[in-house]
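Remarks on the overall topology
For reference, the chains in residue letters:
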Protein chains: 2
Amino acid sequence: MKLSTKSRYGVRAMFDMAYHAGSLPAQIKDISRRQNISPRYLEQIFQDLKKAGLLKSRRGPQGGYSLSRPAEEITVKEIVLAAEGELMLVNCVKGLRKDGEAPPSCEFDNQCLTQYIWAEGSRILGQYFDSISLKDLCDQGQELGLEKELDHRFMYFI
Amino acid sequence: MKLSTKSRYGVRAMFDMAYHAGSLPAQIKDISRRQNISPRYLEQIFQDLKKAGLLKSRRGPQGGYSLSRPAEEITVKEIVLAAEGELMLVNCVKGLRKDGEAPPSCEFDNQCLTQYIWAEGSRILGQYFDSISLKDLCDQGQELGLEKELDHRFMYFI
DNA sequence: ATTATTCTTGACAGGAACAGTAGAGATTTT
DNA sequence: AAAATCTCTACTGTTCCTGTCAAGAATAAT
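Read on for an overview of the structure.

A separate point is helix α1 (residues 5-19) of chain A. The end-to-end C-alpha distance of α1 of chain A is 20 Å, a good match for the 21 Å that 15 residues give at a rise of 1.5 Å each. Of all 15 residues that make up α1 of chain A, 13 are buried, and the element is covered over most of its length.

Right, dumping it as structure tokens:
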């Protein structure tokens, strides 16, 4: 019952982007360095987040990724959902999926009492994740005095 | 982020025992037949549940398993915890484990904001699972009119 | 135009965990 | 003594996770 690293890395990376946001797009290499995530793996994760509409990208020099919406409008739930594919504790219950794929249904139809437990647990978890936005995390980071790294692309003149 | 089948089967099996409870211990073969679970696999799961103190067993003819406590005192959380080993959404956070093994700690120490999210999510989920007892499930089964199978060991005289 | 930079796409692979199978043995009732 | 039942340990095939890698496409700077 573990979240995949895609979810964990995804939330960390998105927070990192929001926290260090500047006028230019953020680049994989900077995020991966600060968050200690393999750059090649982070590329994959960002593809998922982009497909989910949470990121937009720009290629070429000075390119990179940026949040497609303000930090207060992006929740942890959206990121986990995009990275995990779905937010359902079991496979045997009908639920909304990222890819619209038909989910397997319970072999006991509605005779299985436990399906209600798993479905409700998933819902409760999703509700909690949805209550936390990237901006909330940024505020928390400020309070904790988390260091903000200056964009090296603005530091040529030092 | 899926619960293992051990958890799902475990809860189903424990409910089955509570729902069909008689004066004699319940046997693997009956539970596995009613719940459509591989008997050999269910043996393994029951070993975990027994180690966690949720079941007691008796060998030999007319032997089997029985709940070690009344159904209203056994919650879904206990069963999931016993089957899953722990109830924590990530590995990077300190948490209580079944085996007391030292959990890996976060590489960012307390600098990682996301660990609070995962820990709180795990807590919320555990709290929900803890609010459901086997008796609650039995009551729900009654309301739904779920059929109770008579113990074949009492049916010789028919 | 050319070049360097950055994202894009798809393939591939080692390892761990999951889900189940199997066999030999221990215990208890009949 | 025999049959039923749980107990313990080991084994195995499959899937998923967690990356790595390579070649290509788009863009900005020169």
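Picking up after the structure, the text goes on.
Below, the discussion takes up the protein's contact with DNA strand D. For DNA strand D, the set of nearby residues contains 27 residues, the closest of which are Ser-38 and Gln-44 of chain A together with Lys-50, Ser-57 and Tyr-65 of chain B. Considering the 4 Å shell around the protein, atoms of DNA strand D inside it are sugar or phosphate in 61% of instances. In this structure, a phosphate oxygen belonging to DNA strand D sits 2.5 Å away from a side-chain N or O atom of Tyr-65 of chain B. The element that contributes the greatest number of residues to the surface near DNA strand D is helix α3 (residues 39-51) of chain B, accounting for 4 residues. Residue composition of the surface near DNA strand D, by class: 7 nonpolar, 12 polar and 8 charged.

Looking now at unusual backbone geometry. A positive phi angle is found at Gln-62 of chain A, which is not glycine, with a value near 65°. Mapped onto the fold, Gln-62 of chain A is located in the loop between β1 (55-58) and β2 (64-67). Gln-62 of chain A gets classed as partly exposed once you look at its relative accessible area, which sits at 40%. Phi at Asn-36 of chain B is positive, roughly 55°, even though this residue is not glycine. Mapped onto the secondary structure, Asn-36 of chain B falls in the loop between α2 (28-35) and α3.

Residues and elements named next belong to chain A. Residue placement: Asp-139 occurs in helix α6 (residues 134-143). Residue Asp-139 is classed as partly exposed on the basis of its relative accessible area of 33%. Note: C-alpha distance between Asp-139 and Cys-112 (27 residues apart in sequence) is 44 Å.

Let us look at the packing of α1 of chain A against α6 of chain A. All names here are of chain A. Across the interface, α1 lies against α6 with an axial gap of 9 Å and an inter-helix angle of 70°. By the angle between their directions, the pair α1 and α6 is classed as roughly perpendicular. For α1 against α6, the interelement crossing comes out right-handed. Contacts between α1 and α6 involve Val-11, Met-14, Phe-15, Ala-18 and Tyr-19 on the former and, on the latter, Leu-134, Leu-137, Cys-138, Gly-141 and Gln-142. For the contact of α1 with α6, the per-class residue count stands at 8 nonpolar, 2 polar and no charged.

Reading the values: the criteria
- Residues numbered from 1 in each chain as written.
- Chains lettered and ligands numbered in written order.
- Predicted model: local features only at pLDDT ≥ 70, side-chain atom pairs only at ≥ 80, totals over all residues.
- Heavy atoms only, no water.
- Helix = DSSP H or I, 4+ residues; strand = E, 2+ residues; numbered from the N terminus.
- Expected span 1.5 Å × (residues − 1).
- Buried < 20%, exposed > 50% of the residue type's maximum accessible area, 1.4 Å probe, protein only.
- Near = heavy atom within 4 Å.
- Polar contact = N/O pair within 3.5 Å; in protein donor to acceptor, adjacent residues only side chain to side chain.
- Nonpolar A, V, L, I, M, F, W, Y, C, P; charged D, E, K, R; others polar.
- Axes fitted to C-alpha atoms, helices over the stretch in contact; angles between N-to-C directions.
- Parallel < 35°, antiparallel > 145°, perpendicular 65-115°, else oblique.
- Left-handed = near helix turned anticlockwise from the far one by under 90°.
- Contact = heavy atoms within 4.5 Å.

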